[in-house]
Amino acid sequence: MQLTTLNAVSPIDGRYRSKTESLADFFSEEALIKYRVRIEIEYFIALCKVPLPQLKDFDTSLFEDLKAIYGNFTAIDAAAIKEIEKTTNHDVKAVEYFIKEKFDALGIEKYKEFIHFGLTSQDINNTAIPLSIKEALEKTYLPLYEDIVTKLRSLAQDWKDVSMLARTHGQPASPTRLGKEIEVFIARLNEQFSGLKNIPIAAKFGGATGNYNAHKVAYPTVDWKKFGTEFVEGCLQLRHSFPTTQIEHYDHMASLFDALKRINTIIIDFNRDMWTYISMDYFKQKIKKGEVGSSAMPHKVNPIDFENSEGNLGIANAIFEHLSAKLPISRLQRDLTDSTVLRNVGVPFGHTLIAFQSTLKGLNKLLLNSAKFEEDLENNWAVVAEAIQTILRREGYANPYEALKGLTRTNEKINKQSIAAFIETLEVSDEVKTELKAITPANYTGI
């Protein structure tokens, strides 16, 4: 059976393929193989630049030909490596043999034993995978994240003067402004994204058990720790973890996944608020000709985009949580559990991208229902009781909280007239009464 979007098991590669296909360049099997080839080639070039004695005469003009091996990497190349793997039963060794064949083709076969020299497979995997995560964040995640924040900033500005009845515990509370409520989420996202940017994308590079044993025994005068750091941080632009065991300790990667999870949680919270505002009729939704909201109820226009986003972010967070909890744990100098788990790194990224796009789609469909905002405020004059009792406190009025509690904590309707009548009973100056009567649910919105 040929894999298509209709028979793919995962919705990331099936139903939602159009939303996630950009991730294939970073997290597919082909992409991982390409990253491995890239690391091996760049490592060989770095050895030439030391230079090791046996590489002193290597023609540096061939560096570009070597870089072209991964720069022009194709699906045919990936398939060739998978064919080699059928014999080696080892994915990284298959990459080494593939590159050796390329060296033969370039006529530089005498240097090919310096491919993968002194390394273990985790020196390749623990640089390739962090590099793929770094570049996926930069090229796929960040643009969508910035689109969401930019859209929220635009809406916060558009709605900065829209007075809105707040609700705490689901009950009417001191009024706020819609723009300010959007600003809350912008501030939360900015805080977490600031932390995310400061988390290093770290990589292990140090031989079979992290000590450069093979490197040191072959070339004892070379400062291999310095070499490794310069290679990882200079060439690959990653943080060099040292000391390590055979594998990266993944503590920084766990921090990264936790940070991504917190950003997702904030957007889940936002999605639920927007869903609720739609259910309260604060927003209508743009209607697209030909679409249906229910197979049975023709009138429905459901907030499906916010629901879709919430569901996908939940799945993403569950996987991010497992990755961050599992990866830093490995028996002794290493076990293999990290290998199979890391193959799923693209999955939470996929669900996150689906979610971000759904949130944006939902936001672009919103139509402000100003009349409903005004109606809710007008129907809840009791919320100005806080303002009145606070001014009475300022004036030294006896027991103002209790006086307002007696007025408002009933099941009777409180409106503009009943508030005004109550103010007239207060033993305060006419100037204060005028001040109190000027307060309305629509203008009592604070800073």
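In what follows, the accompanying structure is described. (Residues numbered from 1 in each chain as written. Predicted model: local features only at pLDDT ≥ 70, side-chain atom pairs only at ≥ 80, totals over all residues. Heavy atoms only, no water.)

1. Some words on the overall build of the protein
Right, so step 1: Counting its regular elements, the protein contains 19 helices and six strands.
Right, so step 2: In summary, the protein has a C-alpha radius of gyration of 31 Å against a globular reference of 22 Å for 447 residues, an excess of more than 25%.
Right, so step 3: The dimensions of the protein, computed from C-alpha atoms along their principal axes, are 100 × 55 × 40 Å.
Right, so step 4: When burial is assessed residue by residue, the protein has 49% of its 447 residues classed as buried.
Right, so step 5: Sequence separation of at least 24 residues holds for 77% of the intrachain contacts in the protein that already meet a minimum separation of 6.
Right, so step 6: When the accessible surface of the protein is summed, it comes to about 22600 Å², and 51% of that surface belongs to carbon and sulfur atoms.
Right, so step 7: Put simply, the protein has 54 plus and 59 minus side-chain charges, and the middle of one group is 1 Å from the middle of the other. (Helix = DSSP H or I, 4+ residues; strand = E, 2+ residues; numbered from the N terminus. Rg over C-alpha atoms; globule rule 2.2 N^0.38 Å. Buried < 20%, exposed > 50% of the residue type's maximum accessible area, 1.4 Å probe, protein only. Contact = heavy atoms within 4.5 Å. Areas by Shrake-Rupley, 256 points an atom, 1.4 Å probe, with all protein chains shown as cover. Lys, Arg positive; Asp, Glu negative; His and termini not counted. Charge placed at Lys NZ, Arg CZ, Asp CG, Glu CD.)

2. Focus on the packing of aromatic side chains
Right, so step 1: This model, assessed by the stated rule, comprises 27 aromatic pairs.
Right, so step 2: Seen from their ring centres, Tyr282 and Phe373 are 4.2 Å apart, and the 25° between their planes marks the pair as stacked. Of this pair, Tyr282 sits in the loop between α11 (251-279) and β5 (283-285) while Phe373 sits in helix α15 (residues 370-378); the two residues are 91 residues apart in sequence, bridging distant segments of the chain.
Right, so step 3: Owing to a relative accessible area of 0%, Tyr282 belongs among the buried residues under this scheme.
Right, so step 4: Residue class for Phe373 comes out buried when judged on its relative accessible area of 2%. (Phe/Tyr/Trp six-rings, centres within 6.5 Å; stacked < 30°, edge-to-face > 60°.)

3. Concerning the packing of α11 against helix α14 (residues 346-364)
Right, so step 1: One way to put it is that α11 packs onto α14 with a least axis distance of 11 Å and a crossing angle of 30°. Comparing the axis directions of α11 and α14 gives the class roughly parallel. As α11 packs across α14, the resulting crossing turns out to be left-handed. Along its contact with α11, which presents Phe257, Leu260, Asn264, Ile267, Phe270 and Asn271, the element α14 presents Phe349, Thr352, Phe356, Thr359 and Leu363.
Right, so step 2: Of the residues belonging to the contact of α11 with α14, the class tally is seven nonpolar, four polar and no charged. (Axes fitted to C-alpha atoms, helices over the stretch in contact; angles between N-to-C directions. Parallel < 35°, antiparallel > 145°, perpendicular 65-115°, else oblique. Left-handed = near helix turned anticlockwise from the far one by under 90°. Nonpolar A, V, L, I, M, F, W, Y, C, P; charged D, E, K, R; others polar.)

4. Comments concerning helix α4 (residues 63-71)
Each α-helix turn comprises 3.6 residues. Residues three or four places apart therefore point the same way.
Right, so step 1: Burial in α4 covers these residues: Phe63, Leu66, Ile69 and Tyr70. Taken down its axis, α4 places every buried residue within 110° of arc, on the same side.
Right, so step 2: In this structure, the buried residues of α4 make contact with α3 (29-49) and α6 (91-106). (Arc of directions from axis to C-beta.)

5. Regarding the pattern of salt bridges
Right, so step 1: Applying the stated rule across the entire model yields 32 salt bridges.
Right, so step 2: Of the charged contacts in the structure, one is a salt bridge between Asp269 and Arg188, with a shortest N-O distance of 2.8 Å. Linking Asp269 in helix α11 with Arg188 in helix α8 (residues 178-197), this pair joins segments that are 81 residues apart in sequence.
Right, so step 3: The shortest N-O distance in the salt bridge between Asp376 and Lys372 comes to 3.8 Å. With Asp376 and Lys372 both in helix α15, this residue pair falls four residues apart, about one helical turn.
Right, so step 4: Taking the relative accessible area as the measure of exposure, Asp376 reaches 9% and is therefore buried. (Salt bridge = Lys/Arg side-chain N within 4 Å of Asp/Glu carboxyl O.)

6. Regarding the nonpolar core
Right, so step 1: Among the nonpolar cores identified, the biggest contains 132 residues, and Val37, Leu66, Ile133, Phe257 and Phe349 are the most heavily contacted of them.
Right, so step 2: Once residues lying within four places of it in the same chain are set aside, the contact partners of Ile133 are Phe27, Met253, Leu256, Phe257, Val345 and Phe349. (Core = buried A, V, L, I, M, F, W, Y, C linked by side-chain atoms within 4.5 Å.)

7. Some thoughts on the packing of α3 against helix α5 (residues 75-88)
Right, so step 1: Taken N-terminus to C-terminus, the directions of α3 and α5 make an angle of 85°; their axes are 10 Å apart at the nearest point. Our classification of the angle between α3 and α5 gives roughly perpendicular. Seen from α3, the contacting residues are Glu29, Glu30, Ile33 and Val37; seen from α5, they are Ala75, Ala78, Ile81 and Lys82.

8. Brief notes about α3
Right, so step 1: Over its 21 residues, α3 runs 31 Å from end to end, which matches the ideal 30 Å to within 8%, given 1.5 Å per residue.
Right, so step 2: Counted residue by residue, α3 has 16 buried out of 21 residues, so it is predominantly covered. (Expected span 1.5 Å × (residues − 1).)

9. Considering the side chain of Thr352
Right, so step 1: With respect to the helices and strands, Thr352 occurs in helix α14.
Right, so step 2: On the basis of relative accessibility, which here comes to 1%, the residue Thr352 falls in the buried class.

10. Overview of unusual backbone geometry
Right, so step 1: Note the cis peptide between Val50 and Pro51, where omega equals -10°.
Right, so step 2: Cis geometry marks the peptide bond from Phe242 to Pro243, where omega comes out at 0°.
Right, so step 3: Within the secondary structure layout, Pro243 lies in the loop between β4 (239-241) and α11.
Right, so step 4: Despite not being glycine, His116 has its phi angle at roughly 65°, a positive value.

11. A closer look at the state of the cysteines
Right, so step 1: A complete count under the given rule lists zero disulfides for this structure.
Right, so step 2: Unpaired in terms of disulfides, Cys48 finds its nearest cysteine sulfur in Cys235, a separation of 13 Å.
Right, so step 3: Using a relative accessible area of 39% as the deciding quantity, one classes Cys235 as partly exposed. (Disulfide = S-S within 2.5 Å.)

12. Describing the environment of Val428
Right, so step 1: Turning to its location among the elements, Val428 is positioned in the loop between α18 (416-425) and α19 (430-437).
Right, so step 2: Taking the C-alpha atoms as reference, Val428 lies 79 Å from Gln246; in sequence the two are 182 residues apart.
Right, so step 3: Residue contacts for Val428: discarding those within four places in its chain leaves Leu392, Tyr397 and Lys433.

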